[in-house]
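Listed below are the residues making up each chain.
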Amino acid sequence: MNQAGKALAEFVAEGTEILEALGKDLLVLDQQRGTDPEPDLINGIFRAAHSLKGLSALFGQERISKLAHQAEDLLDRLRLGKLSLDDQVLDSLIETLDVLQALLAEASREVSSDALSGRVTELGTRLANLGMTSAAVDEDPLDRLELDAQVRAVFTEYEEHRLRENVRRGVALFRVRAAFDLSDFDTGLAELNSRLKPLGEVVSTLPSSEPGGASGIAFDLIFGAKVPESELAAKLQGTPAQLFALRVRPAAGGAPAPAAHAPVAQSVAQGSRQSAPPSVETPAAPKKPRKKRAPKGGGAETPDAVTESPVQAPLLRAVEQASPEELTQGVLEAMRMGESTSPPRAELAGPPVRTLTDEPVSPRGPRMENESARSLTQTVRVDISRLDALMNTVGELLLIKANLQRMVEASRQQEGSVMLSSKMWGQELSRETRQLERKLDALQQGLLEARMVPVGQVFDRLARLVRRIARDAGKEIDFVIGGGDVELDKLIVEELSDPLMHIIRNAIDHGAESPEARLAAGKSRRARVSLRAEQKGNHVVIEVSDDGAGIDELGVRDMALRKNLITEAQAREMSRRELLNLIFLPGFSTARSVSELSGRGVGLDVVKNNIGNLSGIIDVWSERGQGTAFHLTLPVTLAIIRALVVGVSGRTYAVPLNSVLEILSVKPSEIRTVERREVLDVRGTTLPLMRLARQFGHPERQNDRHFVVVAGLAQERLGIAVDELQGQQDIVVKSLGGRLQGVRGISGAADLANRRTVLVLDVGALLEEGMSLERRRA
Amino acid sequence: MPSLSVLLDSFFYRPDEDVGPIQELVAGTDETVEPVPEEIPEEYLAFRLEGEHYAVPIHGVREIVKVPPLTEVPRAAANLLGVMYLRGEVLPVYDIKVKLRLADKAPLVAGPDASEPSRGARIIVVQTADGLAGIWVDSVSEVVRLRPSMLELAPPGVGGGERDCVVGLGRRKQQLFILLDIWQALT
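Residues numbered from 1 in each chain as written. Chains lettered and ligands numbered in written order. Predicted model: local features only at pLDDT ≥ 70, side-chain atom pairs only at ≥ 80, totals over all residues.

S.K.: How would you sum up the nonpolar core? Please name residues and give values.
M.R.: Ala654, Val655, Val709, Ile720 and Val760 of chain A together with Val83 and Ile135 of chain B are the most contacted members of the largest nonpolar core, which has 73 residues in total. Non-local contacts of Val655 of chain A, meaning those with residues more than four positions away in its chain, are made with Ala643, Leu644, Val646, Val660, Val709, Ala711, Leu761 and Val763 of chain A. By size, the runner-up hydrophobic cluster in this structure holds 48 residues, among which are Ala463, Ala470, Leu580 and Leu582 of chain A. (Core = buried A, V, L, I, M, F, W, Y, C linked by C-beta atoms within 7 Å. Buried ≥ 20, exposed ≤ 12 C-beta atoms within 10 Å, placed from the backbone. Contact = placed C-beta atoms within 7 Å.)

S.K.: Hey, could you go over the UniProt feature "modified residue: Phosphohistidine" (unreviewed entry) in chain A for me, with residue numbers and the actual values?
M.R.: UniProt tags His50 of chain A as "modified residue: Phosphohistidine" (unreviewed entry). Here His50 of chain A shows up in helix H2 (residues 39–58). (UniProt positions renumbered as here; feature names shortened; annotations may be inferred. Helix = DSSP H or I, 4+ residues; strand = E, 2+ residues; numbered from the N terminus.)

S.K.: Before we move on, can you summarise the environment of Leu689 of chain A with the specific residues and values?
M.R.: Residue and element names in this part refer to chain A. Examined against the element boundaries, Leu689 turns out to sit in strand E17 (residues 685–691). Distance from Leu689 to Val710, taken between C-alpha atoms, is 8.9 Å for residues 21 residues apart in sequence. Once you skip the residues sitting within four places of it in the chain, Leu689 turns out to touch Ile671, Glu678, Val679, Leu680, Val708, Gly719 and Ala721.

S.K.: Quick one: what's the story with the sheet that holds strand E7 (residues 131–137) of chain B, residue by residue and with numbers?
M.R.: Residues and elements named next belong to chain B. Spatially, five strands are ordered E3-E6-E7-E5-E4 in an open sheet, and the strand pairing comes out mixed. Among the strands making up the open sheet, the edge pair consists of strand E3 (61–66) and strand E4 (80–86). On average, each strand axis in the sheet is tilted by 30° relative to the strand beside it, whichever way the strands run. Bridge count between strand E6 (residues 122–128) and E7: seven bridges; the pairing is antiparallel. Looking at the pairing, Ile124 lines up with Ile135 of E7. (Pairing = 2+ DSSP bridges. Axes fitted to C-alpha atoms, helices over the stretch in contact; angles between N-to-C directions.)

S.K.: Give a detailed account of the sheet that holds strand E1 (residues 42–49) of chain B, specifying residues and quantitative values.
M.R.: All names here are of chain B. Read across the sheet, six strands follow the order E8-E1-E2-E11-E10-E9 without closing on themselves; strand pairing throughout is mixed. Edge positions in the sheet fall to strand E8 (139–146) and strand E9 (151–152), since each has one partner strand and no second. The sheet contact formed by E9 and strand E10 (residues 166–172) spans two bridges and is antiparallel. Bridging across to E10, Glu152 finds its partner in Leu169.

S.K.: Let's hear about the packing of helix H17 (residues 456–473) of chain A against helix H18 (residues 490–511) of chain A: which residues, and what values?
M.R.: Residues and elements named next belong to chain A. Where H17 contacts H18, the two axes come as close as 10 Å, and the packing angle between them is 25°. Comparing the axis directions of H17 and H18 gives the class roughly parallel. Where H17 crosses over H18, the two elements pack in a sense that is right-handed. The segment H17 lies against H18, with Gln457, Val458, Arg461, Leu462, Leu465, Val466, Ile469, Ala470 and Ala473 engaging Val493, Leu496, Ser497, Leu500, Met501, Ile504, Arg505, Ile508 and Asp509. Here the residues of the contact of H17 with H18 sort into 13 nonpolar, two polar and three charged. (Parallel < 35°, antiparallel > 145°, perpendicular 65-115°, else oblique. Left-handed = near helix turned anticlockwise from the far one by under 90°. Nonpolar A, V, L, I, M, F, W, Y, C, P; charged D, E, K, R; others polar.)

S.K.: Tell me about the interface of chain A and chain B, residues and numbers included.
M.R.: Taken together, the contact between chain A and chain B spans 23 residues of the former and 22 residues of the latter. Mapped onto the side of chain A that touches chain B, the elements with two or more residues apiece are strand E21 (746–752) and strand E22 (756–761) of chain A. Per element, the largest residue contribution to the side of chain A that touches chain B is four residues, and it comes from E22 of chain A. When its residues are assigned to classes, the side of chain A that touches chain B shows eight nonpolar, eight polar and seven charged.

S.K.: Can you explain the pairing of E4 of chain B? Please cite residues and give values.
M.R.: Residues and elements named next belong to chain B. Most of E4 sits inside the fold, with six of its seven residues counted as buried. Note: E4 against strand E5 (residues 89–94), six bridges, orientation antiparallel. Directly across from Leu80, in E5, lies its bridge partner Tyr94. Linking E4 back to E5 in an antiparallel pair, the connection comprises two residues, with Arg87 at a positive phi of about 45°.

Written out as structure tokens, the structure is:
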């Protein structure tokens, strides 16, 4: 990879990480909808947007940095309380995240589509306009606080906002004065802070105006306590801190209503940023607007000085430069017309939002990519302790190598008398081999572990999509996630995201009923869709279930008949289970109307294919009126699999053990034929049989008994007749490469010891073959 | 105390910003300015198939390996002899004798009924558009240098029809080499 490519990959990896963190925080925010947001959470999101802005600017990704800046701006206003967190803001933030994700995807492919650029501009404008609607604010509760104007003048805007918020909520405020010795005031202060943290919120830390002795320094901590004063005093025992309560006048104080923090006024605050008071936000938010520190008479009446960074979006700038009258006019108008008619609101609430965000040129292609829950980067985060363990193992391997080398040297020197010590030599050699084997096992295990990532990574991304899908479909959904910490190979987790999305979409689109229908059916108003992962031995089972309408197998049958997927005669003979399985056929869709979300006729067959590619098994359960559940059984890892080595006509093949259900020993007389097709009777069920030698065109051997490997993948079962079983082995499957892609029935090759290359059977393809044979005959 | 600029330099220095490649690039452009000699001999790898001498441009050949045990692939194309493992990669090995009408059917060299490969037999590994591929040859003889003047078009009747993978003939004194388009031969 060249320099630029490497840099880009690094950028994409880091950007993805930031967006992932951002997504997680937004999700928490979404879940807390309606309650007062945690200030730390907003700060976290703000910082994430800020670091993304910096990162993308560094890599010259202008569109990302611009949008991130606009988001940061919005979050800043949110943080400072100029904007309340309503649905509209939250939806915009989540959409911003989606757009950022799409931008990152385009950046990773080094393309830049006009459609997306348009969407960025449109969204940016909306973000900028969002703040304007909540500009009208009544009296400032801060004025009720008995606090020295001089002290108040040095607060940063954020600190002032937090203080105001605390006053509004009626939190008991204290000034905690503490004097420390100059030599160790930092540790003392840190200790005080850590003591105070669990008791409430440290709004600001200011150097005290009263000196704390000859070689000391005193601080004033403005503190909003969650606990009563007595408890606070008790907790502060043993520290140099003194408590002073800050009194708040009652609300009807008739204070002037200057709307001090409305973002209307703008002044160029030259040199306003003098040495800032110590604040945790400082490094993360250097562009944060600050109040002038110079003491001003009647600071409360002075409008905030807002420093606008030069990269401000043009539109926002234009709005802010508009005269206050115009703006007030606009705000009043917006208020008069009601929220729902203000342009951003209208775009968000109704279906038009879909057309706005749709790619106008080719609606299918890029859209699918945007919607993918796949991550953009190929990187895996590995705990350093895991790498250390690997390193240790490698060190021990080197030791074994040294031992072996020493033995070689020794044997070379005493070549004449080698017979003498050959027994001892053999013992030593076998000991070393055992050691080697053990260490190699550890190395393999360690590497596999390093590839493991929690499935929660995908679950979180899906949860975001669910939210949108549910809203677009007009359903009310409770999305339940479980077992996110179950670990799977990174490769599998990535491949899993699209199939899971398909299934969840189906659950929301087809499974879950509308709230009215649910109430009529005597169910709770909100449908429940759950996504759970569970480790079961060497497999991970992922269950997607809903408590919706279930699958109507008769509807399925009629649809399959109408689409000529099955014949009338076949349909008559099918069991309920078999009918349910029809939903996995290509071109099948039960949705009466083709919606944008699902029902394009691609869906479950793709899901089945993808799961099959991962050597997984998919099972469907459904009860009409009660719901549907899909079970995906997946191997924990793909890189190294356990295989059953079988022999057919002198050839050797490997069958992935995870698709082997059982092995039978069968006499030729037990094989029956149904319509000239060979079948076996296994405990009362009929199992189609495939002779591998015949299927592969190898000369068949006459055996007095066959071994039948019963393979199962997804819904299908098939018996594969082979001549001999040679045992089990761990194999590393290599793909056959581009030139041999077309060979059916073989998924790859593996190297057994002794330079023997064996082919690995593609059980899925063989099953398909068996089934299509059956269908042709039927 | 080192000066600020030194500190900044060491902070921003990245070893991978080496200018090495650029110098090479410059050197390369210098070379092409020199007048091109009219006859640059090109190197060909010569090998034998059923007694005939063939040759392919050596730059297309990645390596030559002894014949390892091959694994036959069921239901694959007729010219596929089998697959082999080469340092962790699986690559297909092809027969080109049928294509060149040197044999009626590909020899059976993989699987339990295969005969031992002859002592001289080798696999020539070439890079193709979809990965590495191996070609079975009876023996590898030498690397020959052929000047453009030593090449001639394939006589009519030889280059046509099925043998479109023959691009010409190379003549060195009395010896004749049939020049192959190896990628064409693999289709």
